[in-house]
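Residue-level structural notes
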Amino acid sequence: MIIIKTIFNMYFCMVIHILLLSHGFSSVLSSHIINTSTTVHVSTESKHDHKNLPHSALTPHFNPPPTATHVDPSTTFHHHSSDNSEAVKQPTTHHHHARNDQIQHTSSASPANTEVTTDAYNAETANGTHVANAISDAKVDTKDIGDAGDRKNCISHYINGLPERYMAKDIYTICNLWPDPHTDIRLPTDVIPERYHVDMFPHIYNESDFTFDCNTTILIYCNEDTDIIHLHSMEHGINFVEINILGEDVWTHKYEKDILEHTNNPGKGLEDADNLVKRSLTDDEQKEQTTPHEYTQAPHDEETDELKVENCGVSLNVEMLHIKLNKPLKKGARYKLTINSKSKISNGVMGFYASPYMEKETCKEKFVFTSLMEPTHARYVFPCFDEPDFKAVFTMTIKRLGHVTSVMNLPLRKTIGPDVDGFFIDVFDQPQDVKMSSYLVALGIAELEYIEAYYKDIRSRVWTRKDILNHTTYLLDTSVQFLEFFEDFFQIPYPLPKLDAITVPDMSFSGMEHWGLITYKESAVVYDPPSSEQIVWQTSLISHEIAHQWFGNLVSPYWWDDLWLNEGFATYMMYMATEAVMPDLDMKNRVAIDYRGIQNVLRTDQKTTSHPVYMPVYHPQEIQDIFDLISYAKGGAVIRMMNFFLGDYTFKHGLRRYLIRHSSDTATHNDLFAALSEQAVDDGLDVTDVKSVMDTWILEQNYPVVTIEITDSSVCFNQTAFLETEEGRMNRSHITWKIPVTCTSSEHTDFDQKPADIIWLNEKRECVEDSKWSSADWVVCNLKQIGFFRVNYANENWRHIIGQLKKDPLAFHTINRAQIINDAWELQRAGLLDIEIALQTFEYLDLETEFAPWWAAIRELNTLSDYLKLTPKYGLFQNFIKKKMKAMYFKSGSKSSIKEKLLHSLISKHACKYELEACVDDALDLYKEWIADDNIRLDPDMVETVFCTAARNLDDKRYNAPKKLLRNPGLLKDYRKSLACVDKPWQVIRVLENVLDIPELYELGSSLTSSATGRWLTWIYFMDFWKRDSHKASGMLEEVTEKMSTAWELNQLRQFMAVAEMTKGDTGAFEAAERVVSARVEYIETHRTAIYTWLQGITEVQD
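None of these values were measured; they are calculated from a predicted model.

1. Quick look at the overall build of the protein
Helix and strand content of the protein: 37 helices and 32 strands. In the protein, which comprises 1103 residues, the share counted as buried stands at 61%. Relative to all contacts within the protein whose residues are 6 or more apart in sequence, the contacts with residues 24 or more apart total 75%.

Structure below.
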């Protein structure tokens, strides 16, 4: 696009910034490991050119090793990137004197460490080989890699079946592929970690060598005799492994004297942490507290004192490092395991990675080096026991130059240095030894500045780059407010002396709850200035992450199948806490329609592809997959329901009982239900078996629909599984939920009911004898949508409900008005309700004054708009919407609170979209005023509407991008997005021609297809582009087809599928799209007459 390219040329600095953030940075490569033998004997003549060695010279020899296994710290590591195959580093040799010192120090712990053979210690580059040689030469069982039949197939399966990052050449490690098959993804518990000390030395000052050295020392406790230690490790070049029995000194490492005095007595630290919690407990509550493990050193014999590392190996399929010892570890004894490694800094967003940004003042690319270890990425940073249940105490040192700052979960105890090379060592530890799971460890290194505040004696800082420091005040202030709220709510003190945050240019989540150092994606918390919607999102995110400090950090899930104990609770607490701290955001009603709200996840969970809240998972990819709306939003929704039927007092004190009992430990959902049940018994509730109720909600996927039948003397409740299709409902018809039903009526209206008012539906059908229901004009059930189910009524009751909405909608609670619309349309699409009734739920909207019902209605109106866009009745539909929105558009224009601003923003966006004249005129006036005066700033709530309306209605010259956009990157992004609002043919074509060159536009196919012109031209462009680059075009398939709803479009799609060249994956994607479009066409054909009749009738009434 000419406009965009002109901007790029004039303002290259800003463009570079945006492109780097959009594409990632290609100069930093990912880590790859090649496994070789523990000891390799080669001649010194060829040690620097392993490619010329005879094949036999690279064959592993498992000779009896010395006590510790070494490689030369100057060994060359070469990597190539899985994301940038052209950027392959050339062979070089790096000499890291600091690592020499560290290895020498570690090896001095045992005199036997000096007994290293010259061949083994000086093998250098001969100590490595290409992965194919490593696999073919080592005696590796094919089961360890795959079901390959012979060695050749085994290699092929390995290369084709694992990510490319494992395939790098010339990465060296002393640990070979493990010769014995190991298929269990879970770690055994014969040894467990109690303490880690991690020395990090990141090489971040030269992009050609973005690596890090790591010396990991682990205090392990032996539960059962074993001669093999299993732990997680991925993509590390292992240089050194050592095992020592702990004597009277029990725990020593290089920085011991500089760090903790209590390291000579590890038990003391854990007692301190427990006492911190215990100080807040009553005598009875202290009995619930888990007793810390007593530290006693088991007697060891002379043979145990001569422990040696015999061999080490890796199993890539289970992501583990195995350390074979010459003698078994003894049950009840403690040992110190030391592993020295070198690894590549990731250019993705997992493990320890580099996140690039463009410094505003200098226009130079710089980096924030940080970590993301949830759920299974700590193993990419340092070898560890990378499962939630293996909690331990962590300390760390980070070696850095003086112009950067390092931060970590723990407070900075002291800084040592500089040394002769100008390096400092930051020493991080904790006054109380707080145990945490490995996925909660976090660090950051960059040119950082901070602002700070205090709550009691807890220090809170926000660390960020200088350019955006002034925009982080809200993050800091809000963090302190929520810290205070949760301490007061749980009556359990936050156990660390600090709660910091660090902003990162890019990360895969918007936030991550690392204990003591929460990481936030910059775009999620830094706005200039924020819109009302962004304020809601930012506040909710902060609340969510701080809730995790108790749910997830203080008590973690035993295994990832109970992820909902983390994310579901944080989601529910997010709404509850934000409503309490900032009621103006109206979170009590947004819980129904928010992204993680009830209606959104109901729509997700009604599909056959859904899964239970409690989801058995095994492999890391399976774990990653359940970080989804079910774990977060359904988990939060069923907790909200549980809160209601238990009551606030029992729920709150039951949670406290649970958190106290499992403090600094892990738990399962059964532990939670046990604590809540005990509290229910103590409080004298009727419902005392929480597990029997909640198991029906967390162990089963989907949810029920409750149908209400009212007779002269009774009301009957019927439940059945609700899914989108009749076949799906039949397949789940055997499931019975325990459902807390609440109802009110026109005769006895009460939307603020209590647990005592619940009617429990525990069977497929239950009736309650009560004649009061028959005299009511209408009955509404599932008040405030507190239960995770839908409600259906007889048509007569539906009509009376709609009649009341048209007469006085405020007779119903805000959430129930949104629920009525949402339930009606989902029931209709499932074939359980007439479309005439669903359509009538729109008729009262000119009387609606609240955000949640309007949001629910607009969602359905937009769907119907897509169906009608290419029909002769679309004009009638458009006029209907404009008339319904007109009154609210003018009424919402007078706004002061965030709640009112949110409503006005929502109404304005869609009033202009459907071309309400007053809205279009106002938006164009705002745009013209903004263009004419550099001192005018657009209202952040109106930016999207103003830009989109201007793009659609102004000619190219008048909508040319003004230079003032470049002073605000956020506005520039909004401007780019608005380009997809165009509806003139030449404008649509121009956007499509640039869609792959401008990252923001690549995701805008959905917006481009909002107009009839855009819909046609986008499909035509897609078909043509497929011939040129089907790989890129395939990424647009969903956006291109998601609004297709006519027989002509379906025919076009089928014809293209018949002639286009496709891969097997492409064929599957097209077939799925064809099924969706076909169902959409069938739907509109089935209901066309009813919709047209309703539109004609409602238009005549309005006129």
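Moving on from the coordinates now.
2. What to know about a negative patch on the surface
The grouping of Asp921, Asp922, Asp925 and Glu929 at the surface amounts to a negative patch. In this structure, Asp921 sits in helix α27 (residues 917-932).

3. Looking at the environment of Ile1098
Relative to the elements of secondary structure, Ile1098 occurs in helix α37 (residues 1064-1102). By relative accessible area, Ile1098 is classed as buried at 10%. Along the chain, Ile1098 and Gln840 lie 258 residues apart, while their C-alpha atoms are 9.4 Å from each other. Apart from the residues lying within four places of it in its own chain, the contact partners of Ile1098 are Glu843 and Phe880.

4. Concerning the packing of helix α12 (residues 563-581) against helix α16 (residues 629-646)
The description of two packed helices rests on the angle between their axes and on the distance between the axes. For the pair α12 and α16, interaxial distance at closest approach is 7 Å and the crossing angle is 70°. As the angle between them shows, α12 and α16 are arranged roughly perpendicular. Crossing handedness for the pair α12 and α16: right-handed. When α12 is examined against α16, the residues Leu563, Trp564, Glu567, Gly568, Phe569, Thr571 and Tyr572 are found in contact with a partner set consisting of Ser631, Tyr632, Gly635, Gly636, Val638, Ile639, Arg640, Met642 and Asn643. The class makeup of the residues in the contact of α12 with α16 is 8 nonpolar, 6 polar and 2 charged.

5. Examining the state of the cysteines
What the rule picks out here adds up to 5 disulfides. One disulfide in the model links Cys716 with Cys767; its S-S distance is 2.0 Å. Negative torsions about the S-S bond denote left-handed disulfides, and the value of about 105° found for Cys716 with Cys767 makes this one right-handed. Taken as a pair, Cys716 in strand β26 (residues 714-722) and Cys767 in strand β30 (residues 765-769) lie far apart in primary sequence, 51 residues in all. Residue Cys716 is classed as buried on the basis of its relative accessible area of 5%. Residue classification places Cys767 among the partly exposed positions, given a relative accessible area of 41%.

6. Topic: the pairing of strand β10 (residues 351-358)
Within β10, 8 of the 8 residues are buried, which leaves the element mostly enclosed by the surrounding structure. Looking at chain direction, β10 and strand β11 (residues 365-372) are connected through 8 bridges and run antiparallel. Paired with Tyr353 across the bridge in β11 is Thr370.

7. A few points about the packing of helix α25 (residues 874-892) against α27
Axis separation between α25 and α27 bottoms out at 9 Å; the angle between their running directions is 50°. In terms of axis orientation, α25 runs oblique to α27. Packed against α25, whose contacting residues are Lys882, Tyr889 and Phe890, the element α27 presents Glu917, Ala918, Cys919 and Asp922 at the interface. Taken together, the residues of the contact of α25 with α27 break down into 4 nonpolar, no polar and 3 charged.

8. Remarks on the sheet that holds strand β19 (residues 458-464)
In spatial order, the strands read β18-β19-β20-β22-β21; together these 5 strands make up an open sheet with mixed pairing. Across the chains shown, the open sheet's two edge strands, defined by having one partner strand only, are β18 (449-455) and β21 (511-512). Looking at chain direction, β21 and strand β22 (residues 517-521) are connected through 2 bridges and run antiparallel. Its bridge partner being in β22, Met512 is matched across the sheet by Thr519.

9. Brief notes about the confidence of the model for the protein
In this model, the protein carries a mean pLDDT of 81, and residues with pLDDT of at least 70 account for 77%. Confidence drops under pLDDT 50 across residues 258-280; counting only partners more than four residues distant or on other chains, this segment forms 64 contacts. Within the model, the stretch residues 286-300 combines pLDDT values under 50 with 37 contacts to residues more than four positions away or in other chains.

10. Focus on the pattern of salt bridges
Taken as a whole, this structure holds 52 salt bridges when the rule is applied. Of the charged contacts, one joins Arg937 and Asp528 as a salt bridge, the two residues approaching to 3.7 Å between their closest N and O atoms. Of this pair, Arg937 sits in the loop between α27 and α28 (943-953) while Asp528 is found in the loop between α10 (522-525) and α11 (532-547), placing the two residues 409 residues apart along the sequence. Arg937 sits in the exposed class, given a relative accessible area of 56%. Residue Glu700 pairs with Arg732 through a salt bridge whose shortest N-O separation is 3.1 Å. Here Arg732 lies in the loop between α20 (726-731) and β27 (739-741) and Glu700 lies in the loop between α19 (690-698) and β25 (703-710), a separation of 32 residues in the sequence. The buried category is assigned to Arg732, whose relative accessible area is 15%. Salt bridges linked by common partners bring Arg603, Glu826, Arg829 and Glu860 together as one network.

11. Regarding the environment of Lys784
Residue position: Lys784 is located in the loop between β31 (779-781) and β32 (790-792). Measuring from C-alpha to C-alpha, the distance between Lys784 and Gln753 comes to 9.7 Å, with 31 residues separating the pair along the chain. Setting aside anything within four residues of it in sequence, one finds Lys784 in contact with Arg640, Phe751, Asp752, His813, Ile815 and Asn816.

12. Focus: the sheet that holds strand β8 (residues 320-329)
Strand order in this open sheet of 4 strands is β2-β7-β8-β5, and the pairing throughout is mixed. Two strands close off the open sheet at either side, each with one partner strand: β2 (176-177) and β5 (226-232). Pairing geometry for β2 and strand β7 (residues 309-315), over 2 bridges, is parallel. In the sheet register, Asn176 faces β7, and the bridge partner there is Gly313.

13. Let's talk about the pairing of strand β4 (residues 211-222)
Among the 12 residues in β4, 12 count as buried, and that is most of the element. Of the strand pairs in this sheet, strand β3 (residues 191-203) and β4 are connected by 12 bridges, and their pairing is antiparallel. Bridge assignment links Pro202 to a residue of β4, and that residue is Phe212.

14. Section: α11
For α11, spanning 16 residues, the distance from its first C-alpha to its last is 22 Å, which sits close to the expected 22 Å at 1.5 Å a residue. Burial runs high along α11: 13 of the 16 residues are buried.

15. Digging into the nonpolar core
Ile229, Ile323, Trp550, Met573 and Met642 are the most contacted members of the largest nonpolar core, which totals 291 residues. Among the elements that make up this core, the one with the highest residue count is α16 (12 residues). Apart from residues lying up to four places away in sequence, Met642 is in contact with Phe569, Phe651, Leu672, Phe673, Leu676, Val690 and Met694. If you look at the next biggest cluster of nonpolar residues, it comprises 9 residues, including Tyr357, Val407, Ala442 and Trp463.

16. Remarks on unusual backbone geometry
The amide bond that connects Glu374 to the next residue, Pro375, takes the cis arrangement and shows omega of 0°. Inspection of the secondary structure puts Pro375 in the loop between β11 and β12 (392-401). Cis geometry marks the peptide bond from Gly417 to Pro418, where omega comes out at 10°. Relative to the elements of secondary structure, Pro418 occurs in the loop between β14 (412-416) and β15 (423-428). In the Ramachandran plot, Asp586 falls in the positive-phi region, its phi being about 60° despite a non-glycine side chain. With respect to the helices and strands, Asp586 occurs in the loop between α12 and α13 (587-590).

What counts, and at which threshold
Residues numbered from 1 in each chain as written. Predicted model: local features only at pLDDT ≥ 70, side-chain atom pairs only at ≥ 80, totals over all residues. Heavy atoms only, no water. Helix = DSSP H or I, 4+ residues; strand = E, 2+ residues; numbered from the N terminus. Buried < 20%, exposed > 50% of the residue type's maximum accessible area, 1.4 Å probe, protein only. Contact = heavy atoms within 4.5 Å. Patch = residues over 30% accessible without salt bridge, like charges linked within 9 Å, V, L, I, M, F, W, Y side chains within 5 Å. Areas by Shrake-Rupley, 256 points an atom, 1.4 Å probe, with all protein chains shown as cover. Salt bridge = Lys/Arg side-chain N within 4 Å of Asp/Glu carboxyl O. Lys, Arg positive; Asp, Glu negative; His and termini not counted. Charge placed at Lys NZ, Arg CZ, Asp CG, Glu CD. Axes fitted to C-alpha atoms, helices over the stretch in contact; angles between N-to-C directions. Parallel < 35°, antiparallel > 145°, perpendicular 65-115°, else oblique. Left-handed = near helix turned anticlockwise from the far one by under 90°. Nonpolar A, V, L, I, M, F, W, Y, C, P; charged D, E, K, R; others polar. Disulfide = S-S within 2.5 Å. Pairing = 2+ DSSP bridges. pLDDT = per-residue confidence, 0-100. Expected span 1.5 Å × (residues − 1). Core = buried A, V, L, I, M, F, W, Y, C linked by side-chain atoms within 4.5 Å.

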